[in-house]
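# Structure assessment
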Amino acid sequence: MRTEVAIIGAGPAGLLLGALLARAGVETVILERKSRDYVLGRIRAGVLEQGTVDLLARAGVEARLRREGLVHEGFFMGFANRRLRIDLTELTGGRHVTVYGQTEVTRDLMDSRDAAGLTTIYEAEDVAIHDFDRDTPCVTWVKDGVHHRLDCDFIAGCDGFHGVCRASVPSGAIQLFEKVYPFGWLGVLADVPPCSHELIYANHARGFALCSMRSPTRSRYYVQVPADEDVGAWSDQRFWDELRLRLDPEAADRVVTGPSIEKSIAPLRSFVAEPLRFGRLFLAGDAAHIVPPTGAKGLNLAAGDAYYLSEALAEHYRERSDAGIRAYSERALARIWKSERFSWSLTMLLHRFDTMSPFEQRMQEADFRYVESSRAAQTAIAENYVGLPL
Ligand code: FAS
Ligand code: PHB
């Protein structure tokens, strides 16, 4: 087999990259380790920046998103049993975010790719990448016991944090930056109406809690738990009781409980790999960076990488210029680090750290009171939350 760009991973980064390249007439093959249903079964992000929505429209998959996505013009921050609304639209001159689950984004991109007759190989085992430091890279894999090889011009490593692509780069050629937080998020998905029409990010003495949603009848909630917590120790009832304890009384009273349809713990870390290009291999999405989900940036950063990389590769084929390819890493990293900063700062503001000294606790309280009192501080949060320009 031969193609122009081999994409490793059928998550949002790989699928969006494939869709944007298809619009530019660039041929791709996507290789995915898991089944389509397994990928769709992973419950992850829920908030799309305006720029991500625009990219999905450019990729031709905006129809259902426009119908079913929930436009949100603000969100709440809870502290000391009171709530502060961050008015995104007023503070950013009219911009907003859209609540639409990553699962649905992935489904729309998969359906669009299949409808266009583009090749996605699911359940590809032992995927390995070769000769990406030369002009003749290739990818090999095993499927149903048969060994396969794909020759290509470029390889896009969109295979997430635990993927094979970043791991294939010689350790001396890559620098890793990482911060692991001492807690995770226990998330529950339930077919119950949300307790609030907008998201609530709550800092409480017992720990952080987030009230989100997927639709007017499906809610997504999170509570901060220790990093080594066992999800089996959390019955639905224990989750609902703890969530209510961490919300202001009005929000707590409005929580509608019901059986969880998904319950899992996500670890929190900040991570960046530098650079993002190694000859004819490029890293994009979670393969390149991880942010704590506090700022709702993970999926949106993946979309930004896919945009930058699609522009660079399209320019190579359309204009026989490699200026974009040479600039990809620096251009993507500039935006990645700004989102890493925002996600880290919001995580530090909203979570409880057992290791915090009394002084540091007072600093967190003063930080929140400053945000409450300052339009400039709220504007800084708002412009990052709706998404920095691409
Ligand atoms: P993904 O990890 O989504 O996709 C990578 C794909 O590559 C996967 O399908 C994987 O199966 C495949 N793959 C891996 N190794 C391979 C190999 N060797 N060969 C072939 N394929 C391979 N972000 C938010 O904004 N908000 C959230 O609330 C949020 N919650 C999250 C919860 C969890 C548990 C996790 C893990 C992440 C969460 N994120 C959240 C971040 C998440 O949404 C990512 O940013 C997003 O999935 C990034 O997309 P990709 O880069 O495509 O990586
Ligand atoms: C979600 O709905 O899953 C969600 C929303 C906002 C975040 C993180 C997760 O910051």
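Residues numbered from 1 in each chain as written. Chains lettered and ligands numbered in written order. Predicted model: local features only at pLDDT ≥ 70, side-chain atom pairs only at ≥ 80, totals over all residues. Heavy atoms only, no water.

## Digging into the site of ligand 2
Looking at ligand 2, there are 14 residues lining it, with Y201, S212, R214, Y222 and P293 nearest. Contact between ligand 2 and Y222: an oxygen atom at 2.6 Å from a side-chain N or O atom of the residue. P293 places a polar main-chain atom, nitrogen or oxygen, 2.6 Å from an oxygen atom of ligand 2. Protein chains bury 98% of the 280 Å² of accessible surface belonging to ligand 2 in isolation. Put simply, the parts of the chain that give the shell around ligand 2 at least two residues each are strand 15 (209–215) and strand 16 (218–226). Each of domain 1 (5–72 + 95–178 + 269–347) and domain 2 (181–268 + 349–386) gives at least three residues to the shell around ligand 2. (Near = heavy atom within 4 Å. Polar contact = N/O pair within 3.5 Å; in protein donor to acceptor, adjacent residues only side chain to side chain. Areas by Shrake-Rupley, 256 points an atom, 1.4 Å probe, with all protein chains shown as cover. Helix = DSSP H or I, 4+ residues; strand = E, 2+ residues; numbered from the N terminus. Domains from an automatic or database assignment.)

## Comments concerning the nonpolar core
Generally speaking, a soluble globular protein has its nonpolar side chains buried in company with each other. With 75 residues, the main nonpolar core has V5, L16, V139 and I155 as its most contacted residues. The element best represented in this core is helix 9 (residues 298–319), accounting for eleven residues. Not counting the four nearest positions on each side in its chain, V139 is found in contact with A6, I8, L31, V127, A128, I129, H130, H148, R149, L150 and I155. One finds I86, V97, Y201 and L349 within the second-largest nonpolar core, a separate group that totals 34 residues. (Core = buried A, V, L, I, M, F, W, Y, C linked by side-chain atoms within 4.5 Å. Buried < 20%, exposed > 50% of the residue type's maximum accessible area, 1.4 Å probe, protein only. Contact = heavy atoms within 4.5 Å.)

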